[in-house]
Amino acid sequence: YSQLVTFENLTETILNDNIKKGMLELDEQEKNMPIEILLSHLKDKFLTQESENIKGIFRTTNNNTWISCFSKIKDEILMWSHYADKHKGICIGFDKLRIGKTFKILNINYFSELEKVDYWDDGSMAMNHWISCKSDKWKYEDEIRLTPDLQYIKSINANGLIPFNKECITEIILGCNCIIPKEIARQTFNALGYENVQLIKLEKTIHSFGFDAVEIQ
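Owing to the predicted nature of the structure, the values given are computational and were not obtained by experimental measurement.

So, how was this worked out
Residues numbered from 1 in each chain as written. Predicted model: local features only at pLDDT ≥ 70, side-chain atom pairs only at ≥ 80, totals over all residues. Heavy atoms only, no water. Helix = DSSP H or I, 4+ residues; strand = E, 2+ residues; numbered from the N terminus. Buried < 20%, exposed > 50% of the residue type's maximum accessible area, 1.4 Å probe, protein only. Contact = heavy atoms within 4.5 Å. Areas by Shrake-Rupley, 256 points an atom, 1.4 Å probe, with all protein chains shown as cover. Arc of directions from axis to C-beta. Core = buried A, V, L, I, M, F, W, Y, C linked by side-chain atoms within 4.5 Å. Pairing = 2+ DSSP bridges. Salt bridge = Lys/Arg side-chain N within 4 Å of Asp/Glu carboxyl O.

J.: I'm lost on the overall build of the protein chain in this one. Help?
T.: Along the backbone of the protein chain there are nine helices and ten strands. In the protein chain, which comprises 217 residues, the proportion classed as buried is 37%. Taking all contacts inside the protein chain whose residues are at least 6 apart in sequence as the whole, residues at least 24 apart take part in 69%. By element, 52% of the accessible surface of the protein chain is carried by carbon and sulfur atoms, the whole surface being about 14100 Å².

Next up, the structure:
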């Protein structure tokens, strides 16, 4: 799991958005400032002791928002190349209903243009929008994201790992270039308590750009 954003980046985004909307009163000197200098000036101006409450809101939101990314598909060639060491790694399949009992599931919405939302109108809606939207260039990934319930956040360790029920895993898929022998893979996962999990090895198809899924008994 990864945290959302740094406070400084989020602050600058919101100030910049409010300037464009004309929501901030600027004096004549400020109106003539270049945008980069104006943003720095406004951060110094507004992020004082009296704005500690606002800073606290963002810190709390950032600390309580952790995200992990998944996909609805398991045989996309590009993702196996990008995320699994050029097809040498593995893919873990989860039961959506079981994992959904512990984590909130967000379907990703893909856009050709960045759609801005106002945090001050509805903070919760804005936060969900920010963490569930992505450029349509990534639409082939068919991504979903998980955020843990607040009660589980304290379980996240320094590496962003969080424990979950083994029954959430339904299948383990070996990439077509994975060098682990099939028999060793089955024995290893059985020893780890995954004897009931379906184990699959992807094999390159001969006449198309795709895979054949071969189950390992």
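Right, picking up where we left off after that structure.
J.: Hey, could you run me through helix α9 (residues 182-191) in this one?
T.: An α-helix turns once per 3.6 residues; consequently, residues spaced three or four apart project the same way. Considered for burial, the residues of α9 that qualify are Ala 185, Arg 186 and Phe 189. Seen from one end, α9 has its buried residues packed into an arc of 95 degrees, which puts them on one side. Exposed and facing more than 90 degrees away from the buried side of α9 are Glu 183, Gln 187 and Ala 191. On the buried face of α9, the contacting elements are β3 (90-94), β8 (169-174), β9 (198-204) and β10 (211-216). Among the residues trailing α9, Gly 193 stands out with phi positive, at a value near 95 degrees.

J.: How should the nonpolar core be read in this particular structure?
T.: The nonpolar side chains of soluble globular proteins are, as a tendency, buried together. Judged by nonpolar contacts, Ile 169, Ile 172, Leu 174, Cys 178, Ala 185, Phe 189, Tyr 194, Val 197, Leu 199 and Ile 216 together constitute the single largest core of ten residues. In terms of residue count, the dominant contributor to this core is β8 (three residues). When sequence neighbours within four positions are dropped, the list of residues in contact with Ile 216 reads Leu 174, Lys 182, Arg 186, Leu 199, Ile 200 and Lys 201.

J.: So what exactly am I meant to see when it comes to unusual backbone geometry here?
T.: Phi is mostly negative for residues that are not glycine, and the peptide bonds are mostly trans. Residue Asp 85 is not a glycine yet carries a positive backbone phi of 50 degrees. Here Asp 85 shows up in the loop between α5 (77-83) and β3. The phi dihedral of His 87 is positive, around 75 degrees, even though this residue is not glycine. We classify His 87 as buried; its relative accessible area is 12%.

J.: Please clarify how the pairing of β10 should be interpreted in this entry.
T.: On a regular strand, each side chain points to the face opposite its neighbour's, so the side chains alternate between the two faces of the sheet. With six bridges connecting them, β9 and β10 associate as antiparallel partners. The residue of β10 that forms the bridge with Lys 201 is Val 214. In this structure, the hairpin formed by β9 and β10 is closed by a connection of six residues.

J.: Explain the pattern of salt bridges to me, please; I cannot follow it from the model alone.
T.: A side chain of one charge can pair with a side chain of the opposite charge if their charged atoms are brought near each other. Within the structure shown, the criterion is met by seven salt bridges. Note that Arg 145 is salt-bridged to Glu 143, the shortest N-O span being 2.7 Å. Grouping residues by exposure puts Arg 145 and Glu 143 together as buried. Between Lys 201 and Glu 203 there is a salt bridge, with the nearest N and O atoms lying 3.9 Å from each other. For Glu 203, a relative accessible area of 27% corresponds to the partly exposed category.

By themselves, these figures tell us nothing about what the structure is for.
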